[in-house]
Amino acid sequence: ETRALPRRHPLFEAAPVCDACVETYNAGEFTVANGHELYCRWCGDGGDLVLCDGCPQALCAECLERNLGSGYARRETAADARWLC
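Residues numbered from 1 in each chain as written. Predicted model: local features only at pLDDT ≥ 70, side-chain atom pairs only at ≥ 80, totals over all residues. Heavy atoms only, no water.

Undergrad: Explain the overall build of the protein chain here, please?
TA: What the protein chain contains, in helices and strands, is 3 helices and 6 strands. Mapped in sequence order, the helices and strands of the protein chain form the string β-β-α-β-β-β-β-α-α. Considering the protein chain as a whole, with its 85 residues, one finds that 31% of them fall into the buried category. Considering only residue pairs separated by 6 or more positions, the protein chain has 25% of its internal contacts joining residues 24 or more positions apart. (Helix = DSSP H or I, 4+ residues; strand = E, 2+ residues; numbered from the N terminus. Buried < 20%, exposed > 50% of the residue type's maximum accessible area, 1.4 Å probe, protein only. Contact = heavy atoms within 4.5 Å.)

Undergrad: For this particular structure, what's the right way to read the pattern of salt bridges?
TA: Oppositely charged side chains can form a pair if their charged atoms are brought close together. Across all of its chains, the model carries 2 salt bridges by this definition. Residue arginine 66 is joined to glutamate 62 by a salt bridge in which the shortest nitrogen-to-oxygen separation is 3.1 Å. Here the residue arginine 66 and the residue glutamate 62 both occupy positions in helix α2 (residues 61-68), the gap between them amounting to 4 residues, near one helical turn. For arginine 66, a relative accessible area of 48% gives the class partly exposed. (Salt bridge = Lys/Arg side-chain N within 4 Å of Asp/Glu carboxyl O.)

Undergrad: Help me understand α2, please; the structure alone is not making it clear to me.
TA: Each α-helix winds once per 3.6 residues, and so residues spaced three or four apart point in a common direction. If you check which residues of α2 are buried, you get Ala61, Cys63 and Leu64. An end-on view of α2 places all buried positions within 165° of arc, on one side of the element. Elements in contact with the buried residues of α2: β5 (49-51), β6 (58-60) and α3 (70-76). Positive phi shows up at glycine 69, right after α2, with a value of about 100°. (Arc of directions from axis to C-beta.)

Here you go:
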């Protein structure tokens, strides 16, 4: 089995992303409801989203942990945390 090399993320240029995430990400518009997007800006899926306090974007907790580390994810998803993407 051959694994594809990571591709450059359409929004976060320094971040790698897999083919499946790029396909999901490029499948359509990011819907905004109640001031925030309904899908993760990193992987394009929904899930446990962390909402930016400065713009409509959101990232899922799984992407935060996978790409930025569990310590970062715990700190930034704390109930009293102000998070800016």
